[in-house]
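Understanding the architecture of this molecule
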Number of protein chains: 2
Amino acid sequence: MPQKKDILIQNLLTKGVSRIIDREHLEEQLRSDKKLRIKFGIDPTGTVVHIGHAVPILKLRAFQELGHQIVLIIGDSTAQVGDTSDKDAERPMLKREETRKNAENYLAQFGKILDLSKLEVHYNSEWMDTTNFNTVGELAKNFSVAEMLDRDNFSKRFKAGIRISLQEFLYPIMQGWDNVQVKADVEVGGNDQYFNLLAGRPLQEVYGQSKQAIMTFNLIEGTDGRKMSKTYKNFIGLSDAPNDMFVKIMEIKDELILLYFIHCTTLLLSEIEPYKARLLSDENPKYIKMDLASIIVSLYHGEEAAIAGKVYFEKVLTDGIVPSEEEIEKAYLDTKEIDLGNLLKEIKLCATTGDVKNALSGGSIRVNNEVVSDSKMMISLSSEKGILIQMGKKKFRNVFLK
Amino acid sequence: MPQKKDILIQNLLTKGVSRIIDREHLEEQLRSDKKLRIKFGIDPTGTVVHIGHAVPILKLRAFQELGHQIVLIIGDSTAQVGDTSDKDAERPMLKREETRKNAENYLAQFGKILDLSKLEVHYNSEWMDTTNFNTVGELAKNFSVAEMLDRDNFSKRFKAGIRISLQEFLYPIMQGWDNVQVKADVEVGGNDQYFNLLAGRPLQEVYGQSKQAIMTFNLIEGTDGRKMSKTYKNFIGLSDAPNDMFVKIMEIKDELILLYFIHCTTLLLSEIEPYKARLLSDENPKYIKMDLASIIVSLYHGEEAAIAGKVYFEKVLTDGIVPSEEEIEKAYLDTKEIDLGNLLKEIKLCATTGDVKNALSGGSIRVNNEVVSDSKMMISLSSEKGILIQMGKKKFRNVFLK
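Details of the domain arrangement of chain A
All names here are of chain A. When cut into domains, chain A gives domain 1 (3-217), domain 2 (242-321) and domain 3 (328-401). Computed from C-alpha coordinates alone, the two centres of domain 1 and domain 2 are separated by 31 Å. Of the residues lining the interface, 13 residues belong to domain 1; the matching set on domain 2 comes to 14 residues. Between domain 1 and domain 2 the total buried area reaches about 1200 Å² when both faces are included, carbon and sulfur atoms providing 68% of it. Per-residue buried area on domain 1 facing domain 2 is highest for Lys15, Ile51 and Leu58; these three make up 47% of the total on that side. Between domain 1 and domain 2 we count 0 salt bridges in total. The tally of links between domain 1 and domain 2 comes to 5 residue pairs in polar contact (both at pLDDT 80 or more). Listed by contribution, the elements that provide at least two residues to the side of domain 1 that touches domain 2 are α1 (3-14) and α3 (54-65).

Okay, here's the thing in structure tokens:
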């Protein structure tokens with residue numbers, strides 16, 4: 001075996017990996033010439049993909065680089081049921097159209113990491129729509145009520161008297177059924193998916209297939225050290241503008257730096273060693289974090305954007321200087337007149353009307369350096385001279401008519 | 001309202017009835033001119049129908065006599081899942097062909113009680129085959145894990161650490177789904193079906209239908225006072241020969257006489273009163289039991305057979321006399337030579353090879369008045385003179401070549 005492949009396999013099996021079942025068999029298969037089918041399932045229940053979601057996608061990239069087949073399952077059926085593995089309550093169900101739209105949006109963002117042309121993509125309604133009640137029964141037979149209730153989140157809710165619907169028990173079975181359909185050799189996912197991933201194995205055995213290996217990862221924490229989540233607004237989105245992304249990475253707690261190197265970059269473990277050494281030295285962690293931010297921004301936006309992001313960060317934050325017009329991100333809208341509230345959403349400084357309201361009432365919005373609080377204020381755009389919109393201390397946009 | 005109808009409704013609502021939900025609404029509907037849809041579901045998991053099974057069928061007859069539509073659901077799908085309401089463990093699943101064959105056999109026996117020409121019969125695979133995974137999820141959403149585990153049999157097993165498969169939780173949902181499909185107004189069943197019957201109500205509500213009424217009955221006990229069951233050999237089968245049926249009814253414990261009058265006859269409550277009075281008097285219960293046996297045999301085999309049964313019983317059992325050739329049931333086989341073991345099975349004195357072995361080793365089989373213990377003994381049949389086979393003191397067959 002060439003040394004390079006060996007190194008890649010070792011990295012694949014260890015870097016950022018929490019659990020593998022079973023590792024010996026997986027390693028053997030990786031060392032063979034077999035093209036493995038690596039399954040990853042997503043429930044397109046939202047629109048934002050953040051670098052926490054990207055952890056398994058980066059692992060898929062490592063599999064793809066070794067020549068394996070990535071099989072992406074878009075759970076348009078499962079999304080309707082709703083996974084509650086990591087939740088304390090039942091989840092509202094999504095309409096199928098909505099999930100399809102979300103899925104396309106997800107895929108576009110995954111394209112920043114994976115070679116989409118080599119992907120095998122399935123919507124699981126392909127088979128779920130024709131799986132009938134008896135088959136569901138046959139599948140359900142392989143799982144016991146006790147083992148379901150043993151799952152941490154169900155067990156907690158059951159003890160607390162919080163309703164668990166029978167539908168929720170069907171979720172892992174649906175996911176396992178996906179794996180039988182696509183004959184997965186390996187499935188990857190977050191640690192919160194551990195039990196769901198396991199569900200594929202007995203079903204594959206019943207249907208005469210080899211049991212898939214599973215590989216799970218720790219969830220990475222958000223900029224504030226809490227779980228990365230849209231709710232906490234502590235996430236770094238794959239679609240964040242380069243400068244914003246740079247700044248957000250600079251905001252993470254120092255103790256997260258190494259974890260981000262491991263989980264959020266494509267560096268080999270040997271390439272991370274020097275940063276580990278620097279973190280143990282007397283060096284100001286800020287400089288190591290700047291290298292981290294450059295690496296991550298470069299991954300998603302290219303090297304140039306990473307250099308620009310670094311300059312931006314140094315100017316705005318370190319020196320407290322408003323950036324020059326060329327350094328500020330430009331936004332183009334195709335309307336001459338727009339009210340401030342909608343403008344803030346169009347240029348993605350705010351995601352919702354609620355965000356707009358909060359930002360305006362908190363006095364953190366400036367238009368051409370003046371604080372403004374009226375969301376109805378009409379803004380006239382021109383293609384010659386931009387309108388400078390500032391949110392807080394760190395975010396700038398120069399808005400032009402397209 | 002004519003007095004007759006009023007009496008029939010009162011009997012319908014009270015005779016042998018354990019629980020009704022909700023009674024007020026049901027009574028109102030019965031008093032209206034509405035033709036109600038009365039659902040009864042059977043899982044054709046065996047071949048024997050005994051008079052315990054007949055309890056709800058007799059109630060269906062009462063509904064039928066009042067002009068309502070009986071809707072019989074043959075659970076060829078549910079039988080594959082297996083109901084474990086009254087079981088302490090999972091149940092093996094039946095193949096669909098087998099359930100169809102059983103169902104036809106059941107129906108033939110129900111014809112002794114119901115007007116089959118007025119029956120609406122459905123196999124539930126009609127809709128189960130096209131009910132897909134998402135719909136199962138939608139249905140399952142209406143039930144919680146906690147309420148399922150609250151069921152007596154599940155709760156016991158869960159506490160005892162006996163496996164409950166998820167498939168078993170799907171059973172009441174399937175049954176409830178049947179009720180939505182046929183738009184049942186009323187469902188009847190044994191008390192052991194109480195929870196399953198309830199499952200129809202929330203689902204009907206979700207699908208915009210009125211919630212069905214439900215009516216359940218106590219299970220009647222077998223001849224020995226234990227639960228009537230094939231296993232205990234304490235059942236009276238609808239297909240039992242008239243004389244055998246008469247004798248078996250004479251074997252029931254005296255304290256069961258009134259219950260059998262209520263549950264196993266079509267008598268009105270007012271017609272049962274005199275027997276109740278006789279039971280409280282000094283009369284030997286044997287004579288009341290003989291009336292009961294005559295009434296039940298008459299229901300299934302006609303009045304003449306009932307009279308013959310009574311004569312047979314009096315002669316054989318009371319006077320200890322072997323019946324005359326004319327009085328003994330005749331059996332016809334189309335083979336000239338047959339060994340004793342197979343003959344005992346063919347003429348239905350024994351059900352299994354195990355039964356044969358027990359009867360022979362216990363010395364209870366006589367061939368032409370001689371005790372025989374060899375199952376391999378060859379018997380030659382003729383069409384002129386029968387071979388007299390006797391089992392124990394009470395059962396005789398005169399066997400001829402066809």
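As for the interface of chain A and chain B
With 36 residues of chain A at the contact, the number on the chain B side is 35 residues. Between chain A and chain B lies a buried interface of about 3000 Å² when both sides are counted; carbon and sulfur atoms form 69% of it. Three residues stand out in chain A for area buried against chain B, namely Phe133, Asn134 and Leu166 of chain A, and they jointly supply 27% of the buried area on that side. Inspection of the chain A/chain B interface yields 0 salt bridges. Our count for the chain A to chain B interface comes out at 12 residue pairs in polar contact (both at pLDDT 80 or more). Those elements that provide at least two residues to the side of chain A that touches chain B are α4 (78-81), α7 (133-140), α8 (145-150) and α10 (166-182) of chain A. Within the side of chain A that touches chain B, the residues separate by chemical class into 20 nonpolar, 10 polar and 6 charged.

Details of the pairing of strand β3 (residues 69-74) of chain A
Residue and element names in this part refer to chain A. Of all 6 residues that make up β3, 6 are buried, and the element is covered over most of its length. Taking every second residue as pointing to the same face, both faces of β3 are buried, with Gln69, Val71 and Ile73 on one and Ile70, Leu72 and Ile74 on the other. As judged from the 6 bridges shared by strand β2 (residues 37-42) and β3, these two strands associate in the parallel manner. For Ile38, the partnering residue across the bridge sits in β3 and is Ile70.

As for the environment of Leu198 of chain A
Residue and element names in this part refer to chain A. Structurally, Leu198 is set in helix α11 (residues 194-198). Overall, Leu198 belongs to the partly exposed group, its relative accessible area being 26%. It is 12 Å that separates the C-alpha atoms of Leu198 and Met148, two residues lying 50 residues apart in sequence.

Regarding the side chain of Ser125 of chain A
On the secondary structure map, Ser125 of chain A appears in helix α6 (residues 125-128). Ser125 of chain A has contacts with Asp76, Ser77, Arg96 and Arg100 of chain A, leaving out every residue within four places of it along the chain.

What about the sheet that holds strand β10 (residues 370-371) of chain B?
Residues and elements named next belong to chain B. Spatial ordering of the open sheet is given by β7-β13-β12-β9-β10, a layout of 5 strands whose pairing is mixed. Sheet topology places β7 (330-333) and β10 at the edges, where each strand pairs with a single neighbour. The pairing of strand β9 (residues 365-367) with strand β12 (residues 387-391) spans 3 bridges and is antiparallel. Within β12, the position partnered with Val367 by the bridge is Ile389.

Here's the deal with the sheet that holds strand β4 (residues 120-123) of chain B
Residues and elements named next belong to chain B. Strands sit in the order β1-β6-β5-β2-β3-β4 across an open sheet of 6 strands; the sheet is mixed. Where the open sheet ends on each side, the last strands, each with one partner, are β1 (17-21) and β4. Averaged over all adjacent pairs, the angle separating strand axes in this sheet is 20 degrees, with direction ignored. Here strand β5 (residues 186-190) runs beside strand β6 (residues 213-217); their pairing, made up of 5 bridges, is parallel. If you follow Glu187 over to β6, its bridge partner there is Ile214.

A look at the relation of the copies chain A and chain B
If you rotate chain A by 179 degrees and push it 0.2 Å along the axis, it lands on chain B with an RMSD of 0.5 Å. The superposition operator between the copies reduces to a two-fold rotation axis. Taking C-alpha positions as reference, the residue of chain A nearest the rotation axis is Asn132 of chain A, located at 2.0 Å. Here 97% of the contact residues of chain A are again contact residues in chain B; the copies associate through an equivalent surface.

So, the side chain of Asp76 of chain B
Residue and element names in this part refer to chain B. By the element assignment, Asp76 lies in the loop between β3 (69-74) and α4 (78-81). A distance of 3.3 Å separates the side chain of Asp76 from the backbone nitrogen of Asn124, its partner in a polar contact. Setting aside its immediate chain neighbours within four residues, Asp76 contacts Arg96, Thr99, Arg100, Tyr123, Asn124 and Ser125.

A few points about helix α1 (residues 3-14) of chain B
All names here are of chain B. With 12 residues, α1 should cover 16 Å at 1.5 Å per step; its first-to-last C-alpha distance of 17 Å lies within 8% of that length. Three or more residues of α1 are buried, namely Ile9, Asn11, Leu12 and Leu13. In this structure, the buried residues of α1 make contact with β1, α2 (23-31), α3 (54-65), β6 and α15 (269-280). In the stretch just after α1, Gly16 is the one whose phi turns positive, near 70 degrees.

Observations concerning unusual backbone geometry
Of the consecutive residues Ile21 of chain A and Asp22 of chain A, the connecting peptide bond is found in the cis state with omega at -20 degrees. Mapped onto the fold, Asp22 of chain A is located in the loop between β1 (17-21) and α2 (23-31). A positive phi angle, close to 50 degrees, is found at Lys183 of chain B, a residue other than glycine. Residue Lys183 of chain B is classed as exposed on the basis of its relative accessible area of 51%.

Some details on the environment of Ser32 of chain A
All names here are of chain A. Note on placement: Ser32 falls in the loop between α2 and β2. Here the alpha-carbon distance between Ser32 and Asn134, two residues 102 residues apart in the chain, equals 39 Å. Separated by 2.7 Å, the side chain of Ser32 and the backbone oxygen of Gln29 make a polar contact. Of note is the side chain of Ser32, whose polar atom sits 3.1 Å from the backbone nitrogen of Lys34.

A word on the packing of α10 of chain A against helix α10 (residues 166-182) of chain B
Between α10 of chain A and α10 of chain B, the least distance of the axes is 11 Å, while the angle of their chain directions is 135 degrees. As judged from the angle between their axes, α10 of chain A and α10 of chain B are oblique. You can see that α10 of chain A and α10 of chain B cross each other, and the crossing is left-handed. Across the interface between the two elements, Leu166, Phe169, Leu170 and Ile173 of chain A from α10 of chain A touch Leu166, Phe169, Leu170 and Ile173 of chain B from α10 of chain B. Class assignment for the residues of the contact of α10 of chain A with α10 of chain B results in 8 nonpolar, no polar and no charged.

Conventions we followed
Sequence positions are assigned chain by chain, starting from 1 and proceeding in written order. Going through the entries in the order they are written, you letter the chains from A and number the ligands from 1. The model is predicted, so local features are restricted to residues of pLDDT at least 70 and side-chain atom pairs to those at 80 or more, both for listing and for counting; the totals for chains, interfaces and linings are taken over all residues. To get the side-chain values, take all heavy atoms of the structure and skip hydrogens and water. Boundaries of every domain are those given by an automatic assignment or by a domain database. Between two residues, a contact is recorded if the distance between any of their heavy atoms is within 4.5 Å. Buried area counts how much accessible surface, traced with a 1.4 Å probe, disappears from two parts once they are put together, with both parts' losses summed. We define a salt bridge as a contact between a side-chain nitrogen of Lys or Arg and a carboxyl oxygen of Asp or Glu at a distance within 4 Å. Side-chain atoms alone can form a polar contact between residues adjacent in sequence; in general such a contact is a pair of N or O atoms within 3.5 Å, and within protein one must be able to donate a hydrogen while the other accepts it. Going along the chain from the N terminus, every DSSP run of H or I of four or more residues is numbered as a helix, and every run of E of two or more is numbered as a strand. Note that Gly is not counted as nonpolar here; it falls among the polar residues with everything else outside the nonpolar set of Ala, Val, Leu, Ile, Met, Phe, Trp, Tyr, Cys and Pro and the charged set of Asp, Glu, Lys and Arg. Think of it in three bands: with a 1.4 Å probe and only protein chains considered, a residue is buried below 20% of the maximum accessible area for its type, exposed above 50%, and partly exposed in between. A pair of strands is labelled paired if DSSP reports no fewer than 2 bridges between them. What counts as an axis is a line fitted to C-alpha atoms, over the stretch in contact for a helix, and the angles between N-to-C directions run from 0 to 180 degrees. C-alpha atoms of residues with pLDDT of at least 70 in both copies form the basis for the least-squares superposition of the copies. How far a helix is expected to stretch is found by multiplying one less than its residue total by 1.5 Å. Angles are sorted into four bins: roughly parallel if under 35 degrees, roughly antiparallel if over 145, roughly perpendicular if 65 to 115, and oblique for all others. By convention, the crossing between two helices is left-handed when the near helix turns anticlockwise from the far helix through less than a right angle, and right-handed when the turn is clockwise.

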